[in-house]
Each structure stands twice: as structure tokens, then as C-alpha cells.
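As a plain string of letters, each chain reads:
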Amino acid sequence: MAQVSLKQVRKAYGGTVAVHGVDLEIGDGEFVVFLGPSGCGKSTTLRMIAGLEEITSGTIEIGGRDVTRLEPKDRNIAMVFQNYALYPHKTIYENLAFGLRMRKMDRDEIDRRVKAASVMLGLDPYLERKPKQLSGGQMQRVALGRALVRNPQVFLLDEPLSNLDAKLRVRMREEIARLHQEVGTSMVYVTHDQVEAMTLANRIVIMKDGHVQQVGAPLEVYDRP
Ligand code: ADP
Ligand code: ADP
């Protein structure tokens, strides 16, 4: 069964159609990258999958269940944003734990998950620091960690590396690839960067003007990187 399934998904803002009837099936463990220029509808599509944006028409299912019928707390998805969205006054530990505390998860289980995620992301030396004491790459790791502790069925990543400098972008790209291999969860990733798409994706979805223009493995979509 597809982990995420989009059927004729369409989004209009008033008279402007941002996404025209997207059909796509994302398999369990698959890494799918939406690639295209700014304004082509990638982020709107991702936000509809996340339940952050109403779907004008069509349906989106996650794990076989219609997202519009799922309570936010029952949506087992986690999204990583470009701007990290960390709480500035909380420690890194508390930033990682916060979403789980809101869900009233058991303290020991929270602690176990926070420790496991911080080891996986190399954040264990920084758990008592505040976000402003971290570098951009470390903050991006915290943002990934906050998604990871939720044990999501699906990770959604919206241009997660675009605030990093070129060198760090390459390093974090490798780290995201490694994370995907380790957790084996479906990932849906939005970018305008062709190299990111080529190196991370199992499948690339090229969007243009709100339409899916092409879908294929990296080497089917581009004959050379
Ligand atoms: P991308 O992520 O590919 O840059 P978006 O999904 O953000 O593109 O935007 C697709 C189109 O929808 C653009 O034309 C954008 O201006 C429009 N759009 C996005 N969000 C809104 C909004 N809240 N209100 C009106 N138009 C929007
Ligand atoms: P908070 O967002 O305040 O940390 P919760 O984790 O309980 O508290 O989340 C509140 C709402 O925000 C829920 O609908 C949840 O699904 C959503 N949410 C929280 N964190 C994320 C995330 N990383 N990705 C996607 N949705 C999230």
C-alpha cells in the first residue's frame, strides 16, 4: 500500500489555481523530491499533505486514511521547515521534547526518544544549550530531531537546507540521506535545487505552473547531473 496517495489534488486561492490535479503515490520508505522553480506549487502541495492547508478538491490519504478526516494529533507526520522554528528560550533538550510533552507522553519514553535522536544527529553535547548558541547546521539538526522523535510515518521537508551556506548544505544533504537510510521512513522533500533532488531522491516529481510535468528516477528525469 502506498504510504501517501494524492488523487486529483487541486488548490485554488480565490481565482488563482496554485495546484492543478496532482496524482501521485508515494511508497513506504520512498524518498520523493518535488522539484521546480519558485511559485510552481511545491510547497502548497506539501502543506496540503501536512494538513496545514485546505485541499480545494481531490483527496490525500496517508497510510490509507483520508487526511481531512484525521485529527491533527492522529496524523503521524512530521514536517521540517526552512526556518527551523525552534523555541528560542528553551534548551535543545526541551525543544526536542516539547511536542512529545504536549502529547502527554511518559517522561521516560520522552527521554529515551530525545537521547536516541540526539545521538543519531550528533546533538548530545548541546542538549543544555539554547538555539542561539548553535550554528545554522546544528539548528537544522535540532529541527530534524524534533521531527524524528515523533516516530512519524512520513517526513515532510520544505526546503530544509536553503538557509545554510553551500558547504554546510552538502554536509546536511548527506546527513539527511543517512537519516533516511537509518529510519527507513517515507520522505517527501521540496526544493528548487536540482543537485539536491538528484542526490536525495528515489523519485523526482518535476512541477511547473502548478502541474506535474514529469515523474521519474533521477536518471530518467535527467540524463546527466
Ligand atoms: P513553491 O513552493 O513552488 O514556490 P507555492 O506552493 O508556495 O510554490 O505557491 C504556488 C502558487 O500559489 C504561487 O503562485 C503563489 O503565489 C500562490 N500562493 C501560495 N500561497 C498562497 C496564499 N496563501 N494565498 C494566495 N496565493 C498563494
Ligand atoms: P507543538 O507544535 O506546540 O510543539 P504538538 O506537537 O502537540 O505541539 O503539535 C500541535 C500541532 O502541530 C499538531 O497538529 C501537530 O500535528 C502539529 N505539529 C507539531 N509539530 C509538527 C511537526 N514537526 N510537523 C508537523 N506537524 C507538527
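Look a little higher up for the structure.
Worth saying up front: this structure is predicted, and the values here are computed from it rather than measured. (Residues numbered from 1 in each chain as written. Chains lettered and ligands numbered in written order. Predicted model: local features only at pLDDT ≥ 70, side-chain atom pairs only at ≥ 80, totals over all residues. Heavy atoms only, no water.)

Chemist: I would appreciate a short explanation of the nonpolar core in the present structure.
Modeler: Among soluble globular proteins, nonpolar side chains are generally buried collectively. Counting residues in each nonpolar core, the largest one holds 45 residues, and the members touching the most others are Leu144, Leu157, Ile176, Tyr189 and Ile204. In terms of residue count, the dominant contributor to this core is helix H4 (residues 136-148) (six residues). Each residue touching Leu144, except ones within four places of it in the same chain, is listed here: Val80, Leu121, Phe155, Leu157, Met172, Ile176 and Leu179. Among the nonpolar cores identified, the runner-up in size contains 27 residues, and Met48, Ile55, Val67 and Met79 belong to it. (Core = buried A, V, L, I, M, F, W, Y, C linked by side-chain atoms within 4.5 Å. Buried < 20%, exposed > 50% of the residue type's maximum accessible area, 1.4 Å probe, protein only. Helix = DSSP H or I, 4+ residues; strand = E, 2+ residues; numbered from the N terminus. Contact = heavy atoms within 4.5 Å.)

Chemist: Teacher, can you tell me more about the environment of Leu35 here?
Modeler: Within the fold, Leu35 resides in strand S3 (residues 31-35). The residues contacting Leu35, other than those within four sequence positions of it, are Lys42, Thr191, His192, Asp193, Gln194, Ala197, Ile204, Val205, Ile206, Met207 and Tyr222.

Chemist: When you look at the pattern of salt bridges in this model, what are you seeing that I'm missing?
Modeler: Note that side chains of opposite charge can pair when their charged atoms are close. If you walk through the whole model with that rule in mind, you get eleven salt bridges. Among the ionic pairs, Arg141 bridges to Glu175, the shortest N-O distance being 2.7 Å. Taken together, the residues span a long stretch of sequence, with Arg141 in helix H4 and Glu175 in helix H5 (residues 166-183) at a distance of 34 residues. Each of the two residues, Arg141 as well as Glu175, counts as buried. Glu175 is the partner of Arg178 in a salt bridge, and the nearest nitrogen-oxygen pair spans 3.9 Å. Taken together, the positions of Arg178 and Glu175, both in helix H5 and three residues apart, correspond to about one turn of that helix. In this structure Arg178 comes out as partly exposed when scored by relative accessible area, which is 32%. Taken together, the salt bridges that share partners define one network made up of Arg141, Glu175, Arg178 and Glu182. (Salt bridge = Lys/Arg side-chain N within 4 Å of Asp/Glu carboxyl O.)

Chemist: What exactly am I supposed to notice about the pairing of strand S4 (residues 57-62) here?
Modeler: Regular strands place side chains that alternate from one sheet face to the opposite one. Pairing of strand S1 (residues 4-13) with S4, which is carried by five bridges, proceeds in the antiparallel orientation. Each bridged residue has a counterpart across the sheet, and for Val4 the counterpart in S4 is Ile62. Examined bridge by bridge, S4 and strand S5 (residues 65-66) share two bridges and lie antiparallel to one another. Paired with Glu61 across the strands is Asp66, a residue of S5. Taking the residues between adjacent antiparallel strands as the criterion, S4 and S5 are bridged by two residues, where Gly63 takes a positive phi near 55 degrees. (Pairing = 2+ DSSP bridges.)

Chemist: I would appreciate a short explanation of the packing of helix H2 (residues 92-102) against H4 in the present structure.
Modeler: A pair of packed helices is captured by two measures, namely the crossing angle of their axes and the spacing between those axes. Where H2 meets H4, the closest approach of the two axes is 8 Å, and the angle between their N-to-C directions is 30 degrees. The orientation of H2 with respect to H4, classified from their angle, is roughly parallel. H4 is crossed by H2, and the crossing has right-handed handedness. Residues Ile92, Asn95 and Leu96 of H2 touch H4, and the partners they reach there are Val142, Gly145 and Arg146. When grouped by side-chain class, the residues that make up the contact of H2 with H4 number three nonpolar, two polar and one charged. (Axes fitted to C-alpha atoms, helices over the stretch in contact; angles between N-to-C directions. Parallel < 35°, antiparallel > 145°, perpendicular 65-115°, else oblique. Left-handed = near helix turned anticlockwise from the far one by under 90°. Nonpolar A, V, L, I, M, F, W, Y, C, P; charged D, E, K, R; others polar.)

Chemist: What is the right way to read the site of ligand 1 from this model?
Modeler: The local shell around ligand 1 consists of Tyr13, Ala18, Pro37, Ser38, Gly39, Cys40, Gly41, Lys42, Ser43 and Thr44. In the model, an oxygen atom of ligand 1 is placed 2.9 Å from a nitrogen or oxygen of the Lys42 side chain. Take Thr44: an N or O atom from its side chain is 2.6 Å from an oxygen atom of ligand 1. Protein contacts shield 56% of the accessible area of ligand 1, which totals 560 Å² for the unbound molecule. With three residues, helix H1 (residues 42-50) is the largest single contributor of residues to the shell around ligand 1. The residue inventory of the shell around ligand 1, partitioned by class, reads four nonpolar, five polar and one charged. (Near = heavy atom within 4 Å. Polar contact = N/O pair within 3.5 Å; in protein donor to acceptor, adjacent residues only side chain to side chain. Areas by Shrake-Rupley, 256 points an atom, 1.4 Å probe, with all protein chains shown as cover.)

Chemist: Got a minute to help me understand helix H3 (residues 107-120) in this structure?
Modeler: Think of an α-helix as turning once every 3.6 residues; residues three or four places apart then point the same way. The terminal C-alpha atoms of H3, which comprises 14 residues, lie 20 Å apart, in line with the 20 Å expected from a rise of 1.5 Å per residue. In this structure, the buried residues of H3 make contact with H2 and H4. A positive phi of about 65 degrees marks Gly122, the residue just after H3. (Expected span 1.5 Å × (residues − 1).)

Chemist: I keep staring at the site of ligand 2 and nothing clicks. Help me out?
Modeler: With respect to spatial proximity, the complete set of residues near ligand 2 consists of Pro72, Ile77, Ala78, Met79, Tyr87, Phe98, Gly99, Met102, Arg103 and Arg150. The contact in question runs from a nitrogen atom of ligand 2 to an N or O atom on the backbone of Met79, over 2.5 Å. One of the side-chain nitrogen or oxygen atoms of Tyr87 is found 3.4 Å away from an oxygen atom of ligand 2. With the chains in place, 64% of the 520 Å² that ligand 2 exposes on its own is no longer accessible. Elements with a minimum of two residues in the shell around ligand 2: strand S6 (77-80) and H2.

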